[in-house]
Amino acid sequence: SQQGEEDPQALSIQEGENATMNCSYKTSINNLQWYRQNSGRGLVHLILIRSNEREKHSGRLRVTLDTSKKSSSLLITASRAADTASYFCATDTGRRALTFGSGTRLQVQP
Amino acid sequence: DGGITQSPKYLFRKEGQNVTLSCEQNLNHDAMYWYRQDPGQGLRLIYYSQIVNDFQKGDIAEGYSVSREKKESFPLTVTSAQKNPTAFYLCASRIFLDNTEAFFGQGTRLTVV
């Protein structure tokens, strides 16, 4: 079952612009994580936000979490062509495995 | 150099054959996972294991089998009962504690010929 759903499914922007991706989920969580996947490769962890946190930063990444709305957003500022990838949110309920959403495909045009 | 290794990178299977995908980690992680990814889709959980000699079915376990005889190894067998096995398979591991990240292998692309 897909716990998280990302929006939009695809996003195309110019280099230097900001990219915002949203994730909605259905059940209570311990934390929410964002991962990046380059085409044909494995996933790489970007950032983890706990259920009692509202915002977290890491370099050019900013993640927010609203547990009342069961939603999260990932903001990539000053995007670069190298940011082109698929981005997935994953929810952790502490009961078994991470549950992944369907992903957002980001294309950054140089 | 710590990490999680999947092999082979590409695998071709004839219809009716069983094939085994390898996943090895030297991160000393307790938990290991297998996910399936279809083109343009998210990851779906096949099986997971939180401790040696124990594993649990995920959301799409039918047609797959696993074993966990050693902490560092979690092989996945795609059996002939899996009717549509062509996909990208990802193995992951993590420390079995709250609020930890998962580490992924580079994946195995399985194609039925």
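Every residue gets a number counted from 1 within its own chain, in the order that chain's sequence is written. The order in which chains are written sets their letters, starting at A; the order in which ligands are written sets their numbers, starting at 1. Restriction of local features to residues with pLDDT of at least 70 applies here, the model being predicted, together with a cutoff of 80 or more for giving and counting side-chain atom pairs; totals for whole chains, interfaces and linings are based on all residues. The basis for the side-chain values is all heavy atoms of the structure; hydrogens and waters are excluded.

A.B. asks: It is not clear to me how the overall build of chain A should be interpreted in this structure. Could you clarify?
C.D. replies: A helix here means a DSSP run of H or I that spans at least four residues, while a strand means a run of E at least two residues long, and both kinds are numbered starting from the N terminus. The helix and strand inventory of chain A stands at 0 helices and 11 strands. Between the two quantities, the radius of gyration covers C-alpha atoms and the globule rule is 2.2 Å times the number of residues to the power 0.38. Taking 2.2 N^0.38 as the reference for a compact globule, 110 residues should give roughly 13 Å; the C-alpha atoms of chain A span a radius of gyration of 13 Å, in line with that estimate. Expressed as lengths along the three principal axes of its C-alpha atoms, the size of chain A is roughly 40 × 30 × 20 Å. Only protein chains enter the calculation, and the probe is 1.4 Å; a residue is then buried if its accessible area is under 20% of its type maximum, exposed if over 50%, and partly exposed in between. Looking at chain A as a whole, 47% of its 110 residues qualify as buried. Contacts were defined at the residue level, with two residues in contact if any of their heavy atoms lie within 4.5 Å. Counted over contacts in chain A with a minimum sequence separation of 6, partners at least 24 positions apart contribute 55%. Calculation of accessible area relied on Shrake-Rupley with a 1.4 Å probe; when residues are assessed, cover is drawn exclusively from the protein chains displayed. As displayed, chain A has an accessible area near 5100 Å², and 44% of this comes from carbon and sulfur atoms. Taken as two groups, the 14 positive and 10 negative side-chain charges of chain A have centres that lie 6 Å from each other. For the purpose of charge, His is not counted, nor are the chain termini; Lys and Arg are scored as positive and Asp and Glu as negative. Taken as the charge location is NZ of Lys, CZ of Arg, CG of Asp or CD of Glu.

A.B. asks: Sorry if this is basic, but what is going on with the side chain of Thr104 of chain A here?
C.D. replies: All names here are of chain A. Following the sequence through the fold, Thr104 ends up in strand E11 (residues 104–109). Classification of Thr104 as buried rests on a relative accessible area of 0%. Polar contacts, as counted here, are pairs of nitrogen or oxygen atoms within 3.5 Å of one another; within protein the pair requires one atom able to donate a hydrogen and one able to accept it, and residues that are adjacent in sequence qualify only if both atoms are side-chain atoms. Only 2.6 Å separates the side chain of Thr104 from the backbone oxygen of Pro8, close enough to count as a polar contact. Those residues within four positions of Thr104 in sequence are excluded, and the remaining contacts are Glu6, Asp7, Pro8, Gln9, Leu11, Met21, Ala85, Ser86 and Tyr87.

A.B. asks: Can you help me understand the state of the cysteines in this one?
C.D. replies: A covalent bond between the sulfur atoms of two cysteines is what we call a disulfide. Residues and elements named next belong to chain A. Two cysteine sulfur atoms form a disulfide, by the criterion used here, when they sit within 2.5 Å. A full pass over the atoms with the stated rule returns 2 disulfides over all chains. Here Cys23 engages in a disulfide with Cys89; their sulfurs sit 2.0 Å apart. The sign of the S-S torsion, about 65°, decides the handedness of the disulfide formed by Cys23 and Cys89: right-handed. Pair noted here: Cys23 is in strand E3 (residues 19–24) and Cys89 is in strand E9 (residues 85–92), with a separation of 66 residues, a long-range link. Among the residues examined, Cys23 registers a relative accessible area of 2% and is labelled buried.

A.B. asks: It is not clear to me how the pattern of salt bridges should be interpreted in this structure. Could you clarify?
C.D. replies: Any two side chains of opposite charge can pair, given that their charged atoms come close. All names here are of chain B. Any Lys or Arg side-chain nitrogen located within 4 Å of an Asp or Glu carboxyl oxygen qualifies as a salt bridge. Under the defined criterion, the tally for this structure stands at 7 salt bridges over all chains. Asp30 is the partner of Lys71 in a salt bridge, and the nearest nitrogen-oxygen pair spans 3.5 Å. Taken together, the residues span a long stretch of sequence, with Lys71 in the loop between strand E7 (64–66) and strand E8 (76–78) and Asp30 in the loop between strand E3 (19–25) and strand E4 (31–37) at a distance of 41 residues. Residues Asp38 and Arg44 are paired through a salt bridge, measuring 2.7 Å at the closest nitrogen-oxygen approach. Salt bridges sharing partners connect three or more residues here, namely Arg36, Asp38 and Arg44.

A.B. asks: Is there a simple way to explain unusual backbone geometry in this structure?
C.D. replies: Trans peptide bonds make up most of the peptide bonds, and negative phi angles are found at most residues other than glycine. In this chain, Asp7 of chain A is followed by Pro8 of chain A through a cis amide linkage whose omega measures 0°. Within the secondary structure, Pro8 of chain A sits in the loop between strand E1 (5–7) and strand E2 (10–14). Put simply, Ser7 of chain B and Pro8 of chain B share a cis peptide bond, and its omega is -10°. The topology assignment puts Pro8 of chain B in the loop between strand E1 (4–7) and strand E2 (10–13). Although it is not a glycine, Asn28 of chain B sits at a positive phi angle of roughly 60°. Note that Asn28 of chain B resides in the loop between E3 and E4. Judged by relative accessible area, which is 57%, Asn28 of chain B ranks as exposed.

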